[in-house]
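Given next are the chains, with one letter for each unit.
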Amino acid sequence: MSLPAEFLSEEQLSCSICLDIFINPVSTPCGHSFCLVCITSYWEGQSKTCLCPLCKENFRKRPELHINHTLKEITEQFKRMAETSVSPRNVSGDYLGAQFPQPKLAGQFPPQEFSEQLMKEMKNRIQRSASSELLPPHQLSEASNDAPSPSGMIKRCYSVSGTDGGGSDGQQCPKHGQCLELFCKTDQSCICTVCAETEHQGHSVGPAKREINIKKSQLRIMEVELQGLITVREKKITEIRSSLSEIQAIADQEIAGTVSTFSELMSAVERSQAELLEVVEMGRRAAELRSQAFIRDLEMEIANLRKRSSNLSQLVQSQDHFTFFKTYPAYSSLPATKNWTDVALTPDPTAGAVLRNVTQVVREIQESMKKLPEICLNTENSLESKLWRLQEYAMDVTLDRDSAHPRLILSEDGKQVRCSDRYQNVPDTAERFDRVVCVLGRPGFNSGRHYWLVHVGEKTDWDLGVASHFINRKGKIAAKPANGFWFLSLRDKHEYVFRAEQSTTISLQQKPQTIGVFVDYEKGQVSFYNADTRSLIFTFTGTFVSVLYPFFSPCTNKSGKNEAPLIICPAGSAERSWLTEK
């Protein structure tokens, strides 16, 4: 294949890593071309990812590289066209080819208008590229007798600048006085051409400029990775500050609530004190009234007895026989009186009981007050402990394909589900939902405690919870516990609601990335946790009477921002470390 020389350019045919003419050029999936050795060495220097050195496109799997034979043929023709002007010899002593017109560099003047220095530089570059392709580093000492001296051949093969004095910022080898323009990968040191053919013979040797470009590219990638680490940590600082603000707001609420509660308690104590004092006063008044009645009756009897005694004295002194005998029968016996022997003013049975009861209650309150700070601390620890214990009930949940709505797409392992715009070709069975884009999980259960995690990420809409075996799967669904549905919903990115007869709106300060669902069948409880902050979102208590299945709905993507899938985390995993590994 022949190409017009005026369309050829050394810049167009140079590898962006080694900055030399292509040797065995290959192309990456993003469309950029490099030397096979250069791009392979570049990727080997990366720990995990494979990036294009030019556009930084990330390839999850290292691409299979094949030599671009068309580009290789163009490159070799370009080399021959430039080399024929000086008729360089190959390693066998033959001339490389007939005369060809000199190639014209793009955007420059014709060759006859180049300066001699620029033309010499271009020719030297092409000569060393051809030599390095024909003569590998470990065979430099076996060059033909017709070729220049070994040191001169090595210079042509590995020269970076095209002159003998342009390597390693002008530093020279302390042993041979040559420029340190080569790099020994085996010993990781800069060497000269004489070193390459003596003590470093058989080592992996290459131009220092090419190696430094590769290393710089690796450092640029590392710099990007470091910036990523910095970004993650800055984001974590923001999260911590946000959490601190939330904690401070909660603390202010608790302080205000505690002060209000104690104020109410003191008011209640004052009211109880007044009521108890009134009880004591009523007892005192009742005793006073009884004593007054007793005294009044006694005084009346005393007055009657004194009057009778006076009459008796007069009767004894009487001299009238007729009057005496007539009056005597009325006074011959004691008058009827009240027996006061058993009459006594006893204390009220409740007397003293008020003080005893008050003392006991106050003592109990004081003991409870002493334990209150410890109880509050233990409450936080017990919640954290409870959340960790939930891992003991972790259940390996897999999505049930037979129940999935036709628009839902499930992953091969049954751990992810997303909503598509198109209906899938699936059989319309009795188990399949046909209107609401949801799917059940397996296994089902009708006893015990069960816990699973679902990564929701930045989705704007989703539904998570449990559903009964007897739910309606066809047509419109009324999602509430009475119909066998218990689930938490997110709508419009910020609206959290638990679906019930009277839906409960839930306010969250921090948007959860991973939701934990916990079901206690015997207690009839289903709880939802923010697995990122290990905090409770909501708990519903009811009654379960049939087999329950995990319930999932990724919802549709009407907003264009809800295409991400719901992801079931591995059973028993620590969700944060698992997501980091992903």
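Residues numbered from 1 in each chain as written. Predicted model: local features only at pLDDT ≥ 70, side-chain atom pairs only at ≥ 80, totals over all residues. Heavy atoms only, no water.

Caption draft 1: Region of the structure containing the pairing of strand β18 (residues 525-530). Across the six residues of β18, five count as buried, placing the element largely inside the fold. Where strand β17 (residues 514-520) lies against β18, six bridges are found, and the strand directions are antiparallel. Within β18, the residue paired with Ile515 across the bridge is Asn530. Following β17, the chain reverses through four residues before pairing antiparallel with β18; Gly524 in that reversal takes a positive phi of roughly 70°. Examined bridge by bridge, β18 and strand β19 (residues 535-541) share six bridges and lie antiparallel to one another. Bridged to Asn530 within β19 is Ser535. Taking the residues that link successive antiparallel strands as the turn, the β18-β19 hairpin has four residues, and the phi of Arg534 there is positive, at about 55°. (Buried < 20%, exposed > 50% of the residue type's maximum accessible area, 1.4 Å probe, protein only. Helix = DSSP H or I, 4+ residues; strand = E, 2+ residues; numbered from the N terminus. Pairing = 2+ DSSP bridges.)

Caption draft 2: Summary view of the pairing of strand β11 (residues 439-442). Sheet topology places strand β8 (residues 398-399) next to β11; two bridges connect them, and they run antiparallel. Bridged to Thr398 within β11 is Arg442.

Caption draft 3: Geometry of the state of the cysteines. Enumeration according to the criterion identifies zero disulfides in this entry. Between Cys419, a free cysteine, and Cys555, which holds the nearest cysteine sulfur, the sulfur-to-sulfur gap is 8.4 Å. The buried category is assigned to Cys419, whose relative accessible area is 10%. Lacking any disulfide linkage, Cys438 is separated from the closest cysteine sulfur, that of Cys555, by 9.4 Å. Residue class for Cys438 comes out buried when judged on its relative accessible area of 0%. (Disulfide = S-S within 2.5 Å.)

Caption draft 4: Structural detail: the packing of helix α6 (residues 208-316) against helix α7 (residues 321-331). Across the interface, α6 lies against α7 with an axial gap of 11 Å and an inter-helix angle of 150°. Considering their axes alone, α6 and α7 lie roughly antiparallel with respect to each other. Once α6 is placed against α7, the crossing between them reads as left-handed. Seen from α6, the contacting residues are Arg308, Asn311, Leu312 and Leu315; seen from α7, they are Phe324, Thr327, Tyr328, Ala330 and Tyr331. Considering only residue class, the contact of α6 with α7 consists of six nonpolar, two polar and one charged. (Axes fitted to C-alpha atoms, helices over the stretch in contact; angles between N-to-C directions. Parallel < 35°, antiparallel > 145°, perpendicular 65-115°, else oblique. Left-handed = near helix turned anticlockwise from the far one by under 90°. Contact = heavy atoms within 4.5 Å. Nonpolar A, V, L, I, M, F, W, Y, C, P; charged D, E, K, R; others polar.)

Caption draft 5: View of the sheet that holds strand β10 (residues 416-419). Spatial ordering of the open sheet is given by β9-β10-β21-β12-β17-β18-β19, a layout of seven strands whose pairing is antiparallel. Of all the strands in the sheet, the pair left with one neighbour each is β9 (408-410) and β19. Direction aside, neighbouring strands of the sheet carry axes that sit 20° apart on average.

Caption draft 6: Local environment of the packing of helix α1 (residues 36-44) against α6. Remark: α1 packs on α6, axes separated minimally by 10 Å, with the N-to-C direction vectors making an angle of 40°. If you check the angle between α1 and α6, you find them oblique. For the pair α1 and α6, the crossing hand works out as right-handed. Here Cys38, Ser41 and Tyr42 of α1 come into contact with α6, specifically with Arg210, Ile214, Ser217, Gln218 and Ile221.

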